[in-house]
Amino acid sequence: MTTWKDGEDGCTLTRRQLDKMDEEYSRYLGNMGDDMGIQMDFDNKGWRLENALDDMRHMIGLDMLKHKPYKRHGKLFYKPYRNHWAGPNKYLDYLSGVLGMVEKQEPKLLGGMPYYYLTRRGLNFLGRHIGVAIHDIED
């Protein structure tokens, strides 16, 4: 906020900057609503969201010992070297389908075990919860 020479109050930001800030805030509120809804569903089922997050970390190989995030400009980043889970998992079943965070391949294609991998939306969800920006595996 600034006061111009004629005594009027105004803003020094451009319309484009204001639109970008509005879009980022809207995205933030949408993500917060999704996260709260998922947390409530997990609580109602008697599950722990931390267990699902641990499974998702394992899917991308983030073990915090040998494979851990790197820091640039005060932010944490991680480039996964894998993105899969083979075998049944109730948390990943829940996150697949309508939520679109996990893709599931049917068991008959892979010798009887279901096969899961995280989508971009799932990587973003995991990154928000653990405080790390996660790149795509192809990058």
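Our structure's up above, just so we're on the same page.
A brief look at the structure comes next.

Parameters at a glance
Here, residues in each chain are numbered from 1, in the same order as that chain's written sequence. Local features are withheld for residues below a pLDDT of 70 in this predicted model, meaning they are given only at 70 or higher, and side-chain atom pairs are given and counted only at 80 or more; totals for whole chains, interfaces and linings count all residues. Just so you know, side-chain values use all the structure's heavy atoms and leave hydrogens and water out. Secondary structure is summarised from DSSP: a helix means a run of H or I of at least four residues, a strand means a run of E of at least two, and numbering begins at the N terminus for each. A 1.4 Å probe rolled over the protein chains alone gives each residue an accessible area, and that area as a share of the maximum for its type sets the label: buried under 20%, exposed over 50%, partly exposed in between. For this analysis, a ring pair means two rings from Phe, Tyr or Trp (six-membered ring only for Trp) whose centres lie within 6.5 Å, classed as stacked if their planes differ by under 30 degrees, edge-to-face if by over 60, and tilted for the remaining angles. The rule for a salt bridge is simple: a side-chain nitrogen of Lys or Arg has to be within 4 Å of a carboxyl oxygen of Asp or Glu. In a helix, the anticipated span is given by 1.5 Å times the number of residues less one. Following DSSP output, two strands are said to pair if at least two bridges run between them.

**A short note on unusual backbone geometry**
- Phi is positive for His73, which is not a glycine, with a value near 55°.
- Counting through the fold element by element, His73 comes out in the loop between strand 3 (70-72) and strand 4 (75-78).
- By relative accessible area, which is 84% here, His73 ends up exposed.

**So, the packing of aromatic side chains**
- The tally for this structure, following the rule as stated, stands at seven aromatic pairs.
- Ring geometry for Phe42 against Tyr94: centres 5.4 Å apart, planes inclined by 85°, an arrangement best described as edge-to-face. One end of the pair, Phe42, is in helix 1 (residues 15-45); the other, Tyr94, is in helix 3 (residues 90-95), with 52 residues separating them in the sequence.
- With 5.4 Å between their ring centres and 90° between their planes, Trp47 and Tyr91 make a pair best called edge-to-face.

**Some words on the pattern of salt bridges**
- By the definition in use, this model includes eight salt bridges.
- Note that Arg15 and Asp19 form a salt bridge whose closest N and O atoms lie 3.6 Å from each other. Of this pair, Arg15 and Asp19 both sit in helix 1, separated by four residues, roughly a single helical turn.
- A relative accessible area of 61% places Arg15 in the exposed class.
- The class for Asp19 is partly exposed, based on a relative accessible area of 40%.
- A salt bridge links Arg48 to Glu50; its shortest N-O distance comes to 3.7 Å.
- On the accessibility criterion, Arg48 (49% relative accessible area) is partly exposed.

**Things to note about helix 1**
- Taking 1.5 Å as the rise per residue, helix 1 with 31 residues should run 45 Å; its terminal C-alpha atoms sit 45 Å apart, in good agreement.
- Listed as buried for helix 1 are Asp35, Ile38 and Phe42.
- Phi for Gly46, located one or two positions after helix 1, is positive at around 80°.

**Details of the sheet that holds strand 4**
- Spatially, the three strands line up as an open sheet ordered 3-4-8, and their pairing is mixed. With partners counted over all chains shown, the strands left at the sheet margins are strand 3 and strand 8 (133-134), one partner each.
- Where strand 3 lies against strand 4, three bridges are found, and the strand directions are antiparallel. Of the residues in strand 4, the one forming a bridge with Lys71 is Leu76.

**Overview of helix 2 (residues 49-60)**
- Taking 1.5 Å as the rise per residue, helix 2 with 12 residues should run 16 Å; its terminal C-alpha atoms sit 17 Å apart, in good agreement.
- Gly61 occupies a position one or two residues after helix 2 and carries a positive phi of about 80°.

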